[in-house]
Amino acid sequence: MSKRTIEAVFAPPAPHMVGDGFRVHHFFPDGVIADKQRMSPFFMLDYASPFHFTPTQTPRGVGVHPHRGFETVTIAYQGKIAHHDSAGHHGIIQAGDVQWMTAGAGVLHKEYHDKEFAEQGGLFQMVQLWVNLPMAYKMTPPCYQELTAASMTRVPIEDGEVEIIAGEYQGKKGPAHTFSPLNVFNLHLQEKGRCILHFPAHFNTALLVIKGSLLVNEQTAAANQFVLLKNDGEKIEVHALEQSIVLVLSGEPLGEPISAYGPFVMNSWKEIEQAVLDFNEGKFGVLSDN
Ligand code: MN
C-alpha cells in the first residue's frame, strides 16, 4: 500500500463568532478549502480552539435555528454544551462526548454553553462538523445520538489508543450510526507514540491537531493545524512529537450535487427554496427560545 501525499498543512484561519458562544476557525467550505465537494461526505468544519470564557449568568450560544439535509456532529474537548431541538431531544455533553444530530427532513435547535459551565467560566474547545446526507436520506426523520465518552470504542495501540466515534479501525466499529461510509476517530498518542491508518485512496481524508504536535507522513503539524491528504494512496503514518490528540476524518465522497444555503444543504436550488418555504410555514416544529 502506498502512502498518501500531503496536499497542504493549513494554519487555522482567523476566528469568528457563531452566536456569542462559539469562537470558531472555519476550515471548510469557503475557508482554507473552498470547494464544497473536496471533503465530501463532510460538508463543514468549524473548530473552536481553546478559549477562556469569563463567568456569566446568561449562557452564551446560538438561539433557535433550523437545519435540513445533513447531520450536525459536535465533539466536545473542553467545556460543556447543551442542546435542545424541536424533535424533543435534549442533552448536555462534556469532554470526550459527542452529539450526533441528524437534521434530515428538518429540525429547529439551539446550542448553548451549559448553565453550570457558563456560571463558572473556563476553557472551551470543541469541533462542529456537518456530515452531508446522501440524496436518498435527505428527508429522513430527525434523530439524535448522544455518544458519551464511555460509549466510544477504544482500540489500544502502542503508546496510545484509537477512539472510534464512527466507522471502523482494525475490525472494531464505533457507536455512531451513519448514512454513508465514513470514519471519525480521536487518536490519542503519548510522546513518541505512533499509529498507522489505512483508508481507501478515494476516501476524502484530513487530520485536525487538537493537542500536541505530530509528524504526518514525515511532515510536521502543530496544534490547531489541519492536514489535508491527497487521494493518491491508502497509508498515513502519524508520529507524536509530544502527547497529542488528533481528530481523523475520512469518508467516501457522496458524488452528488450540492446546493447549500445557510442552514440547509440539499441537492438542488429547488430543494433549498422548498426548505425556506417549509421553515417559514412552521413545518420544522416548535422550539422556545427560553
Ligand atoms: Mn445548528
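Structure shown above.
Residues numbered from 1 in each chain as written. Predicted model: local features only at pLDDT ≥ 70, side-chain atom pairs only at ≥ 80, totals over all residues. Heavy atoms only, no water.

Regarding the layout of surface pockets
Which parts of space are left empty comes out when a probe the size of a water molecule is rolled across the atoms. Here the largest pocket defines a volume of roughly 280 Å³. Taken together, 20 residues form the lining of the largest pocket, with Val 18, Asp 46, Glu 111, Gln 128 and Trp 130 sitting closest to its centre. For the lining of the largest pocket, the secondary-structure elements that each account for two or more residues are strand S2 (16–18), strand S3 (22–28), strand S4 (42–53), strand S5 (61–67), strand S7 (80–85) and strand S11 (122–132). In the lining of the largest pocket, the residues fall into ten nonpolar, eight polar and two charged. Lining the second largest pocket are Pro 59, Ala 82, His 84, Ile 92, Lys 110, Glu 111, Tyr 112, His 113, Asp 114, Lys 115, Asp 289 and Asn 290. Partitioning the lining of the second largest pocket into residue classes produces four nonpolar, three polar and five charged. (1 Å grid on protein atoms, 1.4 Å probe; cavity = no way out; pocket = protein on both sides within 12 Å on 5 of 7 lines; lining within 4 Å. Points joined across faces, edges and corners; volume = space filled by probe spheres on them. Helix = DSSP H or I, 4+ residues; strand = E, 2+ residues; numbered from the N terminus. Nonpolar A, V, L, I, M, F, W, Y, C, P; charged D, E, K, R; others polar.)

Here's the deal with the packing of aromatic side chains
Here the structure, examined in full by the defined rule, presents 14 aromatic pairs. Measuring from ring centre to ring centre gives 6.0 Å for Phe 28 and Phe 226, while their planes differ by 50°; the resulting arrangement is tilted. In this pair, Phe 28 is assigned in strand S3 and Phe 226 in strand S22 (residues 226–229), connecting sequence segments 198 residues apart. For the pair Phe 28 and Phe 226, one class covers both residues: buried. Ring plane angle 15° and centroid distance 6.5 Å describe the contact between Phe 43 and Trp 130, whose orientation is recorded as stacked. Of this pair, Phe 43 sits in strand S4 while Trp 130 is found in strand S11, placing the two residues 87 residues apart along the sequence. Residues Phe 43 and Trp 130 agree in their burial class; the two are buried. Joined through ring pairs, the aromatic side chains of Phe 22, Phe 51, Phe 53, Phe 117 and Phe 124 make up one cluster. (Phe/Tyr/Trp six-rings, centres within 6.5 Å; stacked < 30°, edge-to-face > 60°. Buried < 20%, exposed > 50% of the residue type's maximum accessible area, 1.4 Å probe, protein only.)

Regarding the pairing of strand S8 (residues 90–94)
Side chains Gly 91 and Ile 93 project from S8 onto a buried face, and the interleaved His 90, Ile 92 and Gln 94 project onto a face without burial. Across five bridges, the pairing between S7 and S8 is antiparallel. Within S8, the position partnered with Lys 80 by the bridge is Gln 94. Connecting S7 to the next strand, S8, in antiparallel fashion are four residues, including Gly 88 with a positive phi near 95°. (Pairing = 2+ DSSP bridges.)

Quick notes on the sheet that holds strand S18 (residues 194–198)
With antiparallel pairing, four strands are arranged side by side in an open sheet as S18-S23-S20-S21. Across the chains shown, the open sheet's two edge strands, defined by having one partner strand only, are S18 and strand S21 (219–222). Strand-to-strand, the axes of this sheet are offset by a mean angle of 25°, without reference to chain direction. Examined bridge by bridge, strand S20 (residues 213–216) and S21 share four bridges and lie antiparallel to one another. Counterpart to Leu 215 in the pairing with S21 is Thr 220. (Axes fitted to C-alpha atoms, helices over the stretch in contact; angles between N-to-C directions.)

Looking at empty space enclosed by the protein
Applying the stated criterion across every chain, the model contains one cavity of 30 Å³ or more. In this structure, the largest cavity occupies an estimated 40 Å³ of space. Together, Asn 132, Leu 133, Lys 138, Leu 254, Glu 256, Pro 257, Ile 258 and Asn 267 line the largest cavity. Grouping the constituent residues of the lining of the largest cavity by class yields four nonpolar, two polar and two charged.

Remarks on the coordination of the manganese ion
Four donors placed tetrahedrally around a metal ideally meet at 109.5 degrees, and six donors placed octahedrally ideally meet at 90 or 180 degrees. Looking at the manganese ion, the protein donor atoms are His 65 (NE2), His 67 (NE2), His 109 (NE2) and Glu 111 (OE), and they sit 2.1 to 2.5 Å from it. Mapping the donors of the manganese ion onto the primary sequence gives the spacing H-x1-H-x41-H-x1-E. Pair noted here: His 65 is in strand S5 and Glu 111 is in strand S10 (residues 107–113), with a separation of 46 residues, a long-range link. No difference in accessibility class separates His 65 from Glu 111, as the two residues are buried. (Donors = N, O, S within 2.8 Å, 3.2 Å for Na, K, Ca; no water.)

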